[in-house]
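If you want the building blocks of each chain, they are given just below.
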Amino acid sequence: MAPNDSAETTGEATSTVVGRRKTARYIVPVAVAGVAAATIGLVPALASTGDPDLPKISAQQLIEKIAASDEEQLSGTFKISTDLGLPLDGLAGSLVPGGAGGDKEGGAAAPQDKLMELTSGTHTLRVAADGPERQKLSILGDASEYSLIHNQGEVWAYDSASDEVYHAEAPEGRDGDGRAEKAPKAPEGAPATPKDFAEQALAAAGDTTSVTVDGTAQVAGRDAYQLLIKPKQSGSTIGSVRIAVDAENGVPLKFTLSAASGGKAVVDAGFTKVDFSRPAASTFDFTPPKGAEVTEADELETGKDEHGAAQKALPGQLAELDGFEGLNVIGEGWTSIAEIRTPGGTGLPAAGSGDVPAEAQGFLDALGDKVTGKFGSGTVFKTRLVNALLTDDGRVYVGAVTKDALVRAADAAK
């Protein structure tokens, strides 16, 4: 292992990463949606062996190398799974359009439905990119495959399990009247590849953050430097972020987010295979299979319930909640806590009140810890990364912080 400079750096250089986003960021036309972008995890069983002997490099130089990376062509395979310590398979299925027990908004092939599956379980994906106008993402199942293809003016999605096709025009596409059509996309800034994860992590680096070079690694057969990002503050549930950066071209190959509590990584997004040559043009060709059901995006403005009433997807419903008294951010950096007032100023219904089904009450009780303090009393709901305190008088405190940090914030705000 070659020695590397371990000098710390603050966030001054990281703005370059955000400000100089290259077309390589658009490896996947739609990003992974989820409860929180940073809570998506990967199995660590990746192609990473050996510690190559590489020239010395400082953290500052390595950050600049990531910012300067302009690779526009690649193809490869990476794996993704989630370990939040929550029964998200059942929970997400009941809340997310297209989940188990929920209506498929746009059919099984609609990206906003299918990509939500990546927020739980283990998945293998193939990606390919040829500049900003051609990308392909495939989610590989045991006996099926879901593919999302952006080829110049069009977006196609195909689910082989249901034999359903989704079609939309990309932003640069035009309809018959010359008007731009809006292609579907995930929430702004949601990460989809190791590069996306890396840019978000570096954007958050600042005076509260230690950034060092921590040796070398080999990922997917490529020599890489390891950039280590750690909170300087106590009280965060995040232990560290490790980014393996291709030594030749600066592309992040692997991204690992570890919890302060230890155990399996919460996020470990990395390539198992990667090739930076231009994919064949046929990679991005798609023709709906004979007999497949094809749904056009402009047919999906709203869904209908059994009474014919228009319904919107969960994100739209949440965005329209107007009962909150506002959002207040307490603290800074890794220990920032969001304080939110709930509509009506009430907390959870009391156990046995009959306001919550017994199954749901049992689920909430299993997740939550009852806490008290100067603020009064409330319940802390825990994951390995993000925790939330709901007080009995209707305030919510949420952040990637410990239970004690939430209680202290509620006490101070009171």
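So, how was this worked out
Residues numbered from 1 in each chain as written. Predicted model: local features only at pLDDT ≥ 70, side-chain atom pairs only at ≥ 80, totals over all residues. Heavy atoms only, no water. Helix = DSSP H or I, 4+ residues; strand = E, 2+ residues; numbered from the N terminus. Buried < 20%, exposed > 50% of the residue type's maximum accessible area, 1.4 Å probe, protein only. Contact = heavy atoms within 4.5 Å. Pairing = 2+ DSSP bridges. Axes fitted to C-alpha atoms, helices over the stretch in contact; angles between N-to-C directions. Salt bridge = Lys/Arg side-chain N within 4 Å of Asp/Glu carboxyl O. Arc of directions from axis to C-beta. Phe/Tyr/Trp six-rings, centres within 6.5 Å; stacked < 30°, edge-to-face > 60°. Polar contact = N/O pair within 3.5 Å; in protein donor to acceptor, adjacent residues only side chain to side chain. pLDDT = per-residue confidence, 0-100.

**Topic: unusual backbone geometry**
Reasoning step 1: Although it is not a glycine, Gln152 adopts a positive phi angle of roughly 55 degrees.
Reasoning step 2: If you trace the backbone, Gln152 turns up in the loop between strand 4 (145–151) and strand 5 (154–159).
Reasoning step 3: One non-glycine residue, Asp163, adopts positive backbone phi at about 60 degrees.
Reasoning step 4: Tracing the backbone through its elements, the reader meets Asp163 in the loop between strand 5 and strand 6 (164–169).

**Regarding helix 8 (residues 403–413)**
Reasoning step 1: Listing the buried residues of helix 8 in full gives Ala405, Leu406, Val407, Ala409 and Ala410.
Reasoning step 2: Tucked inside the fold, the buried residues of helix 8 contact strand 15 (327–330), strand 16 (337–341), strand 17 (368–373), strand 18 (376–381), strand 19 (387–391) and strand 20 (395–399).

**Details of the pairing of strand 1 (residues 73–81)**
Regular strands show a simple pattern: their side chains alternate between the two faces of the sheet.
Reasoning step 1: Burial runs high along strand 1: seven of the nine residues are buried.
Reasoning step 2: As paired elements, strand 1 and strand 11 (residues 267–275) share five bridges and run antiparallel to each other. Of the residues in strand 11, the one forming a bridge with Ser75 is Asp275.

**Some points on the sheet that holds strand 7 (residues 209–219)**
Reasoning step 1: Ordered by their spatial adjacency, 12 strands build an open sheet running 7-8-9-10-11-1-2-3-4-5-6-12, and the pairing between neighbours is mixed. Two strands bound the open sheet, and with one partner strand each, they are strand 7 and strand 12 (293–296). In this sheet, adjacent strand axes meet at a mean angle of 15 degrees when their direction is disregarded.
Reasoning step 2: Of the strands in this sheet, strand 7, strand 8 (222–231), strand 9 (238–246) and strand 10 (252–259) touch helix 2 (residues 59–68), which is tilted by about 115 degrees from strand 8.

**Digging into the side chain of Asn387**
Reasoning step 1: Within the fold, Asn387 resides in strand 19.
Reasoning step 2: Beyond its immediate chain neighbours, meaning those up to four positions away, Asn387 contacts Thr237, Phe381, Lys382, Tyr397, Val398, Gly399, Val401, Thr402, Lys403 and Leu406.

**Section: the sheet that holds strand 16**
Reasoning step 1: A sheet is described by the order of its strands in space; here six strands give the open sequence 15-16-20-19-18-17, paired in antiparallel fashion. The strands lining the two open edges of the sheet, one partner per strand, are strand 15 and strand 17. Averaged over all adjacent pairs, the angle separating strand axes in this sheet is 25 degrees, with direction ignored.
Reasoning step 2: Where strand 17 and strand 18 come together, six bridges link them in antiparallel fashion. Considered in strand 18, the bridge of Gly373 is made with Gly376.
Reasoning step 3: Against the sheet, helix 8 engages strand 15, strand 16, strand 17, strand 18, strand 19 and strand 20, with an angle of about 140 degrees to strand 20.

**Looking at the pattern of salt bridges**
Reasoning step 1: The tally for this structure, following the rule as stated, stands at eight salt bridges.
Reasoning step 2: Residue Arg222 is joined to Glu248 by a salt bridge in which the shortest nitrogen-to-oxygen separation is 3.3 Å. Taken together, the positions of Arg222 in strand 8 and Glu248 in the loop between strand 9 and strand 10 put the pair 26 residues apart, joining distant regions of the chain.
Reasoning step 3: For Glu248, a relative accessible area of 63% translates into the label exposed.
Reasoning step 4: When the shortest N-O distance is used, the salt bridge between Asp369 and Lys403 registers 3.7 Å. In this pair, Asp369 is assigned in strand 17 and Lys403 in helix 8, connecting sequence segments 34 residues apart.
Reasoning step 5: We classify Asp369 as partly exposed; its relative accessible area is 26%.
Reasoning step 6: Each of Arg222, Asp246 and Glu248 takes part in a single network of salt bridges with overlapping partners.

**Description of helix 2**
Reasoning step 1: Every buried residue of helix 2 is listed here: Ala59, Leu62, Ile63, Ile66 and Ala67. Buried residues along helix 2 cover an arc of 145 degrees about the axis, so they all sit on one side.

**A few points about the pairing of strand 15**
Reasoning step 1: Looking at chain direction, strand 15 and strand 16 are connected through four bridges and run antiparallel. Within the sheet, the bridge partner assigned to Leu327 lies in strand 16 and is Ile340.
Reasoning step 2: Between strand 15 and the antiparallel strand that follows it, strand 16, lie six residues; Gly331 among them carries a positive phi value of about 80 degrees.

**Regarding the packing of aromatic side chains**
Reasoning step 1: Applying the stated criterion across every chain, the model contains three aromatic pairs.
Reasoning step 2: Their ring planes at 45 degrees and their centres at 5.4 Å tell us that Trp156 and Phe286 sit as a pair that is tilted. One end of the pair, Trp156, is in strand 5; the other, Phe286, is in the loop between strand 11 and strand 12, and 130 residues separate them in sequence.
Reasoning step 3: Trp156 sits in the buried class, given a relative accessible area of 14%.
Reasoning step 4: In this structure an aromatic cluster arises from ring pairing among Trp156, Tyr158 and Phe286.

**Re the environment of Gln73**
Reasoning step 1: Mapping Gln73 onto the fold places it in strand 1.
Reasoning step 2: Expressed as a C-alpha distance, the spacing of Gln73 and Ser277, which sit 204 residues apart in the sequence, is 5.9 Å.
Reasoning step 3: Among the polar contacts listed, one links the side chain of Gln73 to the side chain of Asp130, at a separation of 3.3 Å.

**Considerations on the environment of Glu133**
Reasoning step 1: Within the secondary structure layout, Glu133 lies in the loop between strand 2 (122–130) and strand 3 (134–140).
Reasoning step 2: In sequence terms Glu133 and Gln152 are 19 residues apart; their C-alpha atoms lie 4.6 Å from each other.

**Some remarks on the confidence of the model for the chain**
Reasoning step 1: Per-residue pLDDT for the chain averages 73, and the proportion of residues at 70 or more is 62%.
Reasoning step 2: The secondary-structure element of the chain with the lowest mean pLDDT is helix 6 (residues 314–319), recorded at 34, while strand 8 shows the highest, at 95.
Reasoning step 3: Between residues 87–106, whose pLDDT stays under 50, and residues either more than four places distant or in other chains, the model counts 32 contacts.

**With respect to the environment of Thr295**
Reasoning step 1: On the secondary structure map, Thr295 appears in strand 12.
Reasoning step 2: Residue Thr295 is classed as buried on the basis of its relative accessible area, which comes to 11%.
Reasoning step 3: It is 9.8 Å that separates the C-alpha atoms of Thr295 and Ala157, two residues lying 138 residues apart in sequence.

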